[in-house]
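# Structure assessment
Each chain is listed here by its residues.
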Amino acid sequence: MSYILKLRSKPNVLTDARNISPDKFVNKKLDEIRNLKIIEGGLPITLDTLFDIDGPSVAPQETKNMEITINNSNDKLCFIGYKMSNGRIIIRGDVGHFIGYKMKGGNITIYGNVRNYLGAKMVNGNIEVYGNVMHRVGSKLHGERPGKGMKGGTIHIHGNAGAEIGWGMKGGTIVVDGSSGNLVGTDMLGGTVIIKGSSGVYPGLRMIGGRIVIGGHIPSILPSFYIDSLVSSLKVKGVVFFKPFATFIGDVLVGGRGFLQISYEDNKHIVDTYKQLVEETI
């Protein structure tokens, strides 16, 4: 069953829309869905104050049978898909912070750009973005210990991403088809981050475990990583690179054994420090 939400008037302030989720719609009458609360700039309003809502008169009893589509979305709309366990949300347009926050299952597809903390602390499920995303994808929050970020599931970004991707993540997979900002994988304990393009400085800062793959250029890596090996090609989570990669291990300053794999051809300014080993391997 499918519900269509069309934004009637664009909010001018950040709006907590965490009740837009299959788990909140399940087994409710259409009028009950229209009266669900959202918080616009700190003030509670009903969902139908902002949206025209069309769909079945009674929602299904199971979330797996439910699809919610949001048309004309706006980047002030936050927390959509909060703790959702199943079903599907489709967002057409830009959207705000904390989309898929603490998500447990199901699918979110976004045809637009996304602000910060996409999929933060998510446990399972899939998020796919046909646009760009800002900072701290799949991350923990400030003040939390490493490992409190994303624990499972998959986030696939077809555009570019900002800084601190995978900050404090423990599991799951993040794939960025474009490039990313600084500090990818800071405080990682596990999981995989794949940046197909270039990255900013210092990926893997304080990482304990997990795997970071950078397919393009990096200005510099931390001196607390040491080279382990070189390979002629790489396949990670179904993503294939037909070119040589250098594998570094670190961050040794925190006793880390994480894997940082960077393109050799795009980072000779880094890998040439180990020139003899490169010539013996390739």
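The present account deals with the structure reproduced in this document. (Residues numbered from 1 in each chain as written. Predicted model: local features only at pLDDT ≥ 70, side-chain atom pairs only at ≥ 80, totals over all residues. Heavy atoms only, no water.)

### A look at the side chain of Thr15
How we decide: Put simply, DSSP H or I for four residues or longer makes a helix, DSSP E for two residues or longer makes a strand, and each gets a number counted from the N terminus. The buried label applies to any residue whose accessible area, calculated with a 1.4 Å probe on protein chains only, is under 20% of its type's maximum; exposed applies above 50%, and partly exposed to all values in between.
Here Thr15 is to be found in strand S2 (residues 15–16). Residue Thr15 is classed as buried on the basis of its relative accessible area of 1%.

### A closer look at the nonpolar core
Selection criterion: What we call a nonpolar core is a set of buried Ala, Val, Leu, Ile, Met, Phe, Trp, Tyr and Cys residues that are connected through their side-chain atoms within 4.5 Å. Two residues qualify as a contact provided that any one of their heavy atoms is within 4.5 Å of a heavy atom in the partner residue.
The biggest cluster of nonpolar side chains holds 65 residues, and the ones touching the most others in it are Leu5, Phe51, Ile80 and Leu118. At 3 residues, strand S1 (residues 2–7) tops the list of elements feeding residues into this core. Not counting chain neighbours up to four residues away, the residues in contact with Phe51 comprise Leu5, Lys6, Leu7, Arg8, Ile20, Ile70 and Leu77.

### Description of the pairing of strand S14 (residues 211–214)
As a reminder of what qualifies: One bridge is not enough; two strands pair if DSSP finds at least two bridges between them.
Looking at chain direction, strand S13 (residues 192–195) and S14 are connected through 4 bridges and run parallel. Each residue of the ladder has a partner; that of Val193, found in S14, is Ile212. Examined bridge by bridge, S14 and strand S19 (residues 258–263) share 4 bridges and lie parallel to one another. What sits directly across from Ile212, in S19, is Leu260.

### What to know about the pattern of salt bridges
We count it as follows: Salt bridge, as used here, is a side-chain nitrogen of Lys or Arg placed within 4 Å of a carboxyl oxygen of Asp or Glu.
Counted by the stated rule, this structure contains 11 salt bridges. Among the ionic pairs, Lys76 bridges to Asp75, the shortest N-O distance being 3.6 Å. Residue Lys76 is classed as partly exposed on the basis of its relative accessible area, which comes to 22%. On the accessibility criterion, Asp75 (27% relative accessible area) is partly exposed. For Lys196, the salt bridge goes to Asp177, with nearest N and O atoms at 3.1 Å. Highlighted residues: Lys196 in the loop between S13 and S14 and Asp177 in the loop between strand S12 (173–176) and S13, separated in sequence by 19 residues.

### Looking at the packing of aromatic side chains
Heads up, the condition is: Ring pairs shown here join Phe, Tyr and Trp side chains whose ring centres sit within 6.5 Å, with only the six-membered ring taken for Trp; geometry is labelled stacked below 30 degrees between planes, edge-to-face above 60, and tilted in between.
As enumerated under the stated definition, the model contains 9 aromatic pairs in all. With centroids separated by 5.9 Å and ring planes inclined at 70 degrees, the aromatic side chains of Phe79 and Tyr101 adopt a geometry described as edge-to-face. Taken together, the residues span a long stretch of sequence, with Phe79 in the loop between strand S7 (77–78) and strand S8 (88–93) and Tyr101 in the loop between S8 and strand S9 (107–111) at a distance of 22 residues. An identical accessibility class is assigned to Phe79 and Tyr101; each is buried. Within the aromatic cluster, the residues linked to one another by ring pairs are Phe79, Tyr82, Phe98, Tyr101 and Tyr117.

### What about the sheet that holds S7?
Here we have 4 strands laid out as an open sheet, ordered S4-S3-S2-S7, and mixed in their pairing. Each having just a single partner strand, strand S4 (43–46) and S7 make up the two edges of the open sheet.

### So, a nonpolar patch on the surface
Inclusion rule: Only residues whose relative accessible area exceeds 30% and that form no salt bridge are eligible for patches; like-charged ones are grouped when within 9 Å, while nonpolar side chains (Val, Leu, Ile, Met, Phe, Trp, Tyr) are grouped when within 5 Å. A 1.4 Å probe and the Shrake-Rupley method give the accessible areas. Residues count as covered only by the protein chains that appear here.
Judged by side-chain polarity, Leu189, Ile208, Tyr226, Val252, Leu253 and Val254 come together as a nonpolar surface patch covering roughly 500 Å² of accessible area. Relative to the elements of secondary structure, Leu253 occurs in the loop between strand S18 (245–250) and S19. Owing to a relative accessible area of 71%, Leu253 belongs among the exposed residues under this scheme.

### Points about the pairing of S18
Counted residue by residue, S18 has 6 buried out of 6 residues, so it is predominantly covered. In this structure, strand S15 (residues 226–231) lies alongside S18, joined through 5 bridges in antiparallel fashion. Residue pairing across strands places Val231 opposite Phe245, the latter belonging to S18. Where S18 lies against S19, 6 bridges are found, and the strand directions are antiparallel. Bridging across to S19, Phe245 finds its partner in Ser263.

### A short note on the environment of Val176
Within the secondary structure, Val176 is located in strand S12. According to the relative accessible area criterion, Val176 is buried, its value standing at 0%. Setting aside residues no more than four positions away along its own chain, Val176 makes contact with Ile157, Gly159, Asn160, Ala161, Ile194, Ile195, Lys196 and Gly197.

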